[in-house]
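Remarks on the overall topology
What follows is the residue order along each chain.
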Amino acid sequence: MTAQAKKDDQVTKLTISGLTCASCVKRAEAAISSVESVSDVSINLATETAHIQMADRNGLPAVIQSIEQAGYSVPTKTITLDIEGMTCASCVRRVEDALKSVEGVVKASVNLATESAQIEVASNFSIGDAIAATQKVGYPAKLQEGTSDALEDRAAAKEAEYNGLKRNLTIAAIFTVPLFVLEMGSHFIPGMHELLMQSFGRQNLYYFYFVLATIVQFGPGMVFYKKGIPALLRLAPEMNSLVVLGSSAAWGFSVVATFAAFLLPAGTANVYYEASAVIITLILLGRVLEARAKGRTSEAITKLMQLQAKSAHVSRDGNFIEVPLHEVVAGDIVRVRPGEKVPVDGEVIKGSSFVDEAMISGEPVPVEKEVGSEVIGGTINKTGSFEFRATKVGADSALAQIIKMVENAQGAKLPIQALVDRVTAIFVPIVMLVAALTVGVWLIFGPDPAVSFALVNGVAVLIIACPCAMGLATPTSIMVGTGRAAELGVLFRNGEALQDLKNTDIVAVDKTGTLTLGRPALTDFTVLNGFDEGEALALVAAAENNSEHPIAEAIVIAAKERGLTVPETTSFNSVTGYGIEAEANGRKVEVGADRYMQKLGHDLSAHADIAKQLGDEAKTPLYAAIDGKLAAIVAVADPVKETTPQAIEALHSLGLKVAMITGDNKATAEAIARKLGIDTVIAEVLPAGKVDAIKQLQQNNTHVSFVGDGINDAPALAQADVGIAIGTGTDIAIESADVVLMSGDMRGVANAIGLSKASIKNIHQNLFWAFAYNASLIPVAAGVLYPFTGTLLSPMLAAGAMALSSVFVLGNALRLRRFNPPAQTGLAKA
């Protein structure tokens, strides 16, 4: 049943996918109608469009969730807007509310540190409506482009803003320093007050102070008026509004005391020019330091963008010409010379070389590339020259996907931020009320001159309470933490993963391709009865060369790697369930399991100890007979990666348990577990049973992070509290995972968890400072200590403390750049 429709209800259009018949329409309409804010709904099957009448567009996420639960989907996409003019947490809240009111916006997350907004939008969204909405509340916006040129433009704009702030600070300081020295020196330097009075006279000094303070107030200080006054007029005050009110009150009272002292009660005609000027100068200083620190938080993105080539040598009409990177299209033939960067992803079609892929794998040794090899944009060609066909360009390239993931993670809003949002929604209005009450109480109950006490304390409350630190506490830590993660080869796909990963109790690991190389390899070849090892291996490889089994491939590869010539076979036969037989170089070769040898009449009892030892080492023993005589025991296994033991050790050092989920038989799995020190083994699991295995581990509220290759493990990655996918090369964008490791190195798991713990700890420190700072200093600024200790907080000290608060938060966040990973990898040294 729908709620009663009202005239002021809003009509929203949504495209719904998956509707095939009238029953679908009825089911989808019922699902939408079940949402509380929906008053009416009508779905057109032909256009797959729903017209929804609802009281509040903020109910759109609930509508989409209801549609998805009914088995249909609403196509959405995520776009990023650059937002100008945000200075504090109150600004963030206003921009978010404005964006959420726009038709088609499903979610909106605004980040003060990156000065951007990530919005998830449906098909009925208009970018123009979003930009108009933010402009209306005083914050200009534009669509963020992910190109290197756009990044350079943003960097240039930031640099210009930083230079403008430095210029304003310099001007403010030039006029504030003499004002401060003259005024405060009169109070602290013996004889200075009398000297000034005799030399210039009180009134002339006031005129001089007026000139200096007015230049600061309406020169460098104009930036606060331009943003603070419109915000006040919109009844939406923010940080700039507090600065304007505080500094203007001090300056305005001083002007009256200078030019119309007769309007003030006797004994209260004091001037506070130095306070108004120092407030503006110190806050500008804080802004300069903040802008500089913000620039350092985004260095990870800058470094990644710098990995991109600027141009490429592309075949055009039979000739190779240099073109800008954005002109390269999929299918182009690209030539790379020694020392050049590979411009885009592709497949080598001519030539060979060695390519430095440390940006992806962290391994310092260049990788050989030949015809058929994949190359990745941003890697560096070392020696030879080669040509390749471009396969992924622009936003589809591996490097572009990495950059996009880092940007998304840096712009994310963690669940912990919800508390900050609730507080800041009402913070500035409450501060203004506290300031007004402070003035009233001092006017009524304060000692003479009550007006002066009321003014000083009211201004101090306005200045000390700016919620800059609150707004920066979480996003700056996320920016630096995810940036450092990218340097370590760890990509967080969303903010929740950064917060949730620290709660991990058990790291569940898929064995094949995660703990191991993911491909069988010949590990042992023990010759018997006097056979020559090289000749025997060449003959066994010849027989196996006719089989497509992975074990056969491993034997053939091993023979070729040892430089052996594998002869051609003249006959071949597969003995189902037992093994194979073949003839090569006129000799009969038989290869298979123990039961095959027993069937052929060979006695294996003398070699039982070797077979048992191989089994205990999780190796698969096979036997080979040549010309009717037992010739060799062959062992094939999926080798454990060299880095896996260190990865397990690093996870244990973090206090975590490690569980292995595998389809291997129990004995083989337990043998690997003993060798690696794995705590729990769940063996003989079919691919479809991995989800149940993770559910089993999640009992008793245990938090499980699952590590898989992201291809066959998608359901398991989704079931885990946090899914960690091991990506290799160009396979970086793994949709089912929350965290992606750029290389196949599992040591990145420990680094990701360690970084999650460090980042969330850093955020808690920042939030404690921001809240404790305001909670403790606002009462002091209001004067609660005065009756007991005679202590008051000068507006100048309040301004300095406010600026210091933001700088402290930023400086604390920047400590994450020095995060020392639990497991050292090639990327960990970045």
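Residues numbered from 1 in each chain as written. Predicted model: local features only at pLDDT ≥ 70, side-chain atom pairs only at ≥ 80, totals over all residues. Heavy atoms only, no water.

This next bit is on the UniProt feature "domain: HMA" (unreviewed entry) in the chain. Under the UniProt annotation, "domain: HMA" (unreviewed entry) lies at residues 10–75 and 77–142. Its end C-alpha atoms 17 Å apart, residues 77–142 is made of 33% helix and 35% strand. (UniProt positions renumbered as here; feature names shortened; annotations may be inferred. Helix = DSSP H or I, 4+ residues; strand = E, 2+ residues; numbered from the N terminus.)

An ideal rise of 1.5 Å per residue puts 16 Å on twelve residues; helix H8 (residues 222–233) measures up with 16 Å between its terminal C-alpha atoms. Positioned one or two residues after H8, Leu235 has a phi angle of 55°, which is positive. (Expected span 1.5 Å × (residues − 1).)

It is worth spelling out the sheet that holds strand S13 (residues 367–369) at this point. With antiparallel pairing, the three strands of this open sheet are ordered in space as S13-S12-S15. Single-partner strands in this sheet number two, and they are S13 and strand S15 (380–381). In this structure, strand S12 (residues 353–356) lies alongside S13, joined through three bridges in antiparallel fashion. The residue bridging Ser353 from the neighbouring strand is Lys369, located in S13. (Pairing = 2+ DSSP bridges.)

Under the UniProt annotation, "transmembrane region" (unreviewed entry) lies at residues 168–186, 206–225, 241–265, 271–289, 423–445, 451–474, 767–786 and 792–814. From the first C-alpha to the last, residues 271–289 spans 30 Å; its make-up is 89% helix and 0% strand. Along residues 767–786 one finds 85% helix and 0% strand; the C-alpha atoms at either end are 28 Å apart.

Now for the packing of aromatic side chains. Enumeration over the complete set of coordinates arrives at twelve aromatic pairs. With a centroid separation of 5.0 Å and 85° between ring planes, the pair formed by Phe210 and Phe259 is classed as edge-to-face. You can see Phe210 sitting in helix H7 (residues 202–218) and its partner Phe259 sitting in helix H9 (residues 239–259), a full 49 residues away along the chain. Given a relative accessible area of 45%, Phe259 falls into the partly exposed group. Between Phe218 and Trp251 the ring centres are 5.0 Å apart and the planes differ by 80°, which places this aromatic pair in the edge-to-face class. Here the residue Phe218 occupies a position in helix H7, and Trp251 occupies one in helix H9, the gap between them amounting to 33 residues. (Phe/Tyr/Trp six-rings, centres within 6.5 Å; stacked < 30°, edge-to-face > 60°. Buried < 20%, exposed > 50% of the residue type's maximum accessible area, 1.4 Å probe, protein only.)

The next subject is the pairing of strand S22 (residues 587–592). Pairing of strand S21 (residues 579–584) with S22, which is carried by six bridges, proceeds in the antiparallel orientation. Among the inter-strand pairings, Ala584 is bridged to a residue of S22, identified as Arg587. Taken together, S21 and the strand that follows it, S22, pair antiparallel across an intervening segment of two residues, in which Asn585 is found at a positive phi of about 55°.

This next bit is on a nonpolar patch on the surface. A contiguous nonpolar patch, built from Val441, Leu443, Ile444 and Phe445 and spanning about 450 Å² of accessible area, is present on the exposed surface. Assignment of secondary structure puts Phe445 in helix H14 (residues 417–445). Classification of Phe445 as exposed rests on a relative accessible area of 67%. (Patch = residues over 30% accessible without salt bridge, like charges linked within 9 Å, V, L, I, M, F, W, Y side chains within 5 Å. Areas by Shrake-Rupley, 256 points an atom, 1.4 Å probe, with all protein chains shown as cover. Salt bridge = Lys/Arg side-chain N within 4 Å of Asp/Glu carboxyl O.)

Before going further, it helps to examine the side chain of Glu96. Structurally, the position occupied by Glu96 is in helix H3 (residues 89–100). We classify Glu96 as buried; its relative accessible area is 4%. Of the polar contacts made by the side chain of Glu96, one reaches the backbone nitrogen of Val110; its length is 3.0 Å. (Polar contact = N/O pair within 3.5 Å; in protein donor to acceptor, adjacent residues only side chain to side chain.)

Attention now moves to the packing of helix H27 (residues 747–782) against helix H29 (residues 795–814). Taken N-terminus to C-terminus, the directions of H27 and H29 make an angle of 170°; their axes are 9 Å apart at the nearest point. When the axis of H27 is compared with that of H29, the two are roughly antiparallel. Between H27 and H29, the residues in contact are Asn762, Gln765, Asn766, Trp769, Tyr773 and Leu777 and Ala798, Ala801, Met802, Ser805, Phe808, Val809, Asn812 and Ala813, respectively. Looking at the contact of H27 with H29, its residues break down into nine nonpolar, five polar and no charged. (Axes fitted to C-alpha atoms, helices over the stretch in contact; angles between N-to-C directions. Parallel < 35°, antiparallel > 145°, perpendicular 65-115°, else oblique. Contact = heavy atoms within 4.5 Å. Nonpolar A, V, L, I, M, F, W, Y, C, P; charged D, E, K, R; others polar.)

Moving on, we come to the sheet that holds strand S1 (residues 10–15). Across the sheet, three strands lie side by side as S1-S3-S2; this open sheet has antiparallel pairing. Each end of this open sheet is capped by a strand with a single partner; those strands are S1 and strand S2 (38–44). Shown here is a sheet whose adjacent strand axes are inclined to one another by a mean of 20°, direction ignored. By the bridge criterion, six bridges tie S2 to strand S3 (residues 49–54) in an arrangement that is antiparallel. Within S3, the residue paired with Asn44 across the bridge is Thr49. Sitting on the sheet, helix H1 (residues 22–33) touches S2 and S3, and the angle it makes with S2 is about 160°. Together, S1, S2 and S3 form the strand contacts of helix H2 (residues 60–69), whose direction differs from that of S1 by roughly 40°.

To continue, consider the confidence of the model for the chain. In this model, the chain carries an average pLDDT of 83, and 92% of its residues clear a pLDDT of 70 or more. When mean pLDDT is compared element by element in the chain, strand S10 (residues 333–336) scores highest at 94, while helix H12 (residues 358–361) scores lowest at 70. Scored below 50 in pLDDT, residues 1–5 makes twelve contacts in the model with residues more than four places away or belonging to other chains. (pLDDT = per-residue confidence, 0-100.)

When its domains are assigned, the chain resolves into domain 1 (10–70), domain 2 (77–144), domain 3 (149–307), domain 4 (331–390), domain 5 (488–516 + 640–758) and domain 6 (521–637). Measuring from the centre of the C-alpha atoms in domain 5 to the corresponding centre in domain 6 gives 35 Å. Opposite the four residues of domain 5 that make contact, domain 6 presents four residues. For the pair domain 5 and domain 6, the summed buried area comes to about 240 Å², and 62% of that belongs to carbon and sulfur atoms. Between domain 5 and domain 6 we count zero salt bridges in total. Linking domain 5 with domain 6 are zero residue pairs in polar contact (both at pLDDT 80 or more), by the criterion used here. Residue composition of the side of domain 5 that touches domain 6, grouped by class: two nonpolar, one polar and one charged. (Domains from an automatic or database assignment. Buried area = accessible area lost by both parts, 1.4 Å probe.)

What follows covers the pattern of salt bridges. Counted by the stated rule, this structure contains twelve salt bridges. The salt bridge partner of Glu387 is Arg335, with a shortest N-O separation of 3.2 Å. One end of the pair, Glu387, is in strand S16 (residues 386–392); the other, Arg335, is in strand S10, with 52 residues separating them in the sequence. Judged by its relative accessible area of 12%, Glu387 is buried. For Arg335, a relative accessible area of 32% corresponds to the partly exposed category.

This part is about a negative patch on the surface. Taken together, the side chains of Glu496, Asp500, Asp505 and Asp721 make up a negatively charged region of the molecular surface. If you trace the backbone, Glu496 turns up in helix H17 (residues 495–500). Judged by its relative accessible area of 36%, Glu496 is partly exposed. (Lys, Arg positive; Asp, Glu negative; His and termini not counted. Charge placed at Lys NZ, Arg CZ, Asp CG, Glu CD.)

In contact at an axis separation of 10 Å, H7 and H9 are set at 150° when each is read in the N-to-C sense. Of the possible angle classes, the one that applies to H7 and H9 is roughly antiparallel. As H7 packs across H9, the resulting crossing turns out to be left-handed. Of the residues in H9, those touching H7 at Gln203, Tyr206, Tyr207, Phe210, Ala213, Thr214, Gln217 and Phe218 are Ser247, Ser248, Trp251, Val255, Thr258 and Phe259. Grouping the constituent residues of the contact of H7 with H9 by class yields eight nonpolar, six polar and no charged. (Left-handed = near helix turned anticlockwise from the far one by under 90°.)

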